[in-house]
Every structure is written in structure tokens, then in C-alpha cells.
Amino acid sequence: MKRVVLLLLMFLAVVWQAAAINLCDYRMPETNIADARLSFHYRYFHDPARPGAGMNDGRLAFTMSQLYDAPLLGFQLSASGDFVLRDFSLRGMDTQAGGRLQRYLAADEPFFAF
């Protein structure tokens, strides 16, 4: 009996929330989400029995993304990079970037262009 009452209350709560806003009255919100990450790894090992610096390498990596969406304009940007270090100098790198732009022709109409 308790389970039936609980399910009925949950159903009424969902129906009440769904009835709180009419679909025709919905307006698109403005969304702005950003994320950035940076990582660094460095390894140094010196063996006194061997000449030279020994083991000396590292890596620096980053990623970044941003998403913005509003009723008339939206864009998405992303970038990433990876830098390889060896013997205190840059030995290699790999970078990528991309983006997308959206322009909506009317704020509350289903027309848009890429």
C-alpha cells in the first residue's frame, strides 16, 4: 500500500511539473559552458655511473572547449595540444583546433543556418 501511495505521489509531482509550463511559452535559455584542462609530466633520472644527463623527458598537454548557445547565435570551440620534451628542449608537438558557428534566423522559429 505504501508503494502505491508513493508511486501516485511521484506521478502527481511529475504531472504537476509538466503542467507548470506550456510548450508554447517555452523560451530558449542562454547556455555558456567552458572547460579547460592542463597536465604536465616530467621525469629526470641521473645515474652517476654513466656520463651525461641520464633520463630526462616530459610531456605537457592541454585541452580546452567552450559551448555558447543563445536564441540567435551559437558556437562551439575546441583545442588541444601535446608537447614532448627531451633533454630540456622541445622534441615534438601535436595541436588541434576546431569550431562551429550557428546562426538562427529567428529567435523562436525552427529556422537556422550553419
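These notes cover the structure that comes with them. All values reported here derive from a predicted model rather than from experimental measurement. (Residues numbered from 1 in each chain as written. Predicted model: local features only at pLDDT ≥ 70, side-chain atom pairs only at ≥ 80, totals over all residues. Heavy atoms only, no water.)

Bringing the pattern of salt bridges into the picture now. A full pass over the atoms with the stated rule returns three salt bridges. Between Arg-37 and Asp-35 there is a salt bridge, with its nearest N and O atoms 3.3 Å apart. The exposure class assigned to Arg-37 is exposed, which follows from its relative accessible area of 57%. Under the relative-accessibility criterion, Asp-35 is labelled partly exposed at 33%. Taking the shortest distance from any N to any O, the salt bridge between Arg-43 and Asp-57 comes out at 3.0 Å. (Salt bridge = Lys/Arg side-chain N within 4 Å of Asp/Glu carboxyl O. Buried < 20%, exposed > 50% of the residue type's maximum accessible area, 1.4 Å probe, protein only.)

Inspection of the entire model under this criterion finds three aromatic pairs. Between Phe-40 and Tyr-42, the aromatic rings sit 6.3 Å apart at their centres with planes inclined by 0°, giving stacked as the arrangement. The partly exposed category is assigned to Tyr-42, whose relative accessible area is 32%. (Phe/Tyr/Trp six-rings, centres within 6.5 Å; stacked < 30°, edge-to-face > 60°.)

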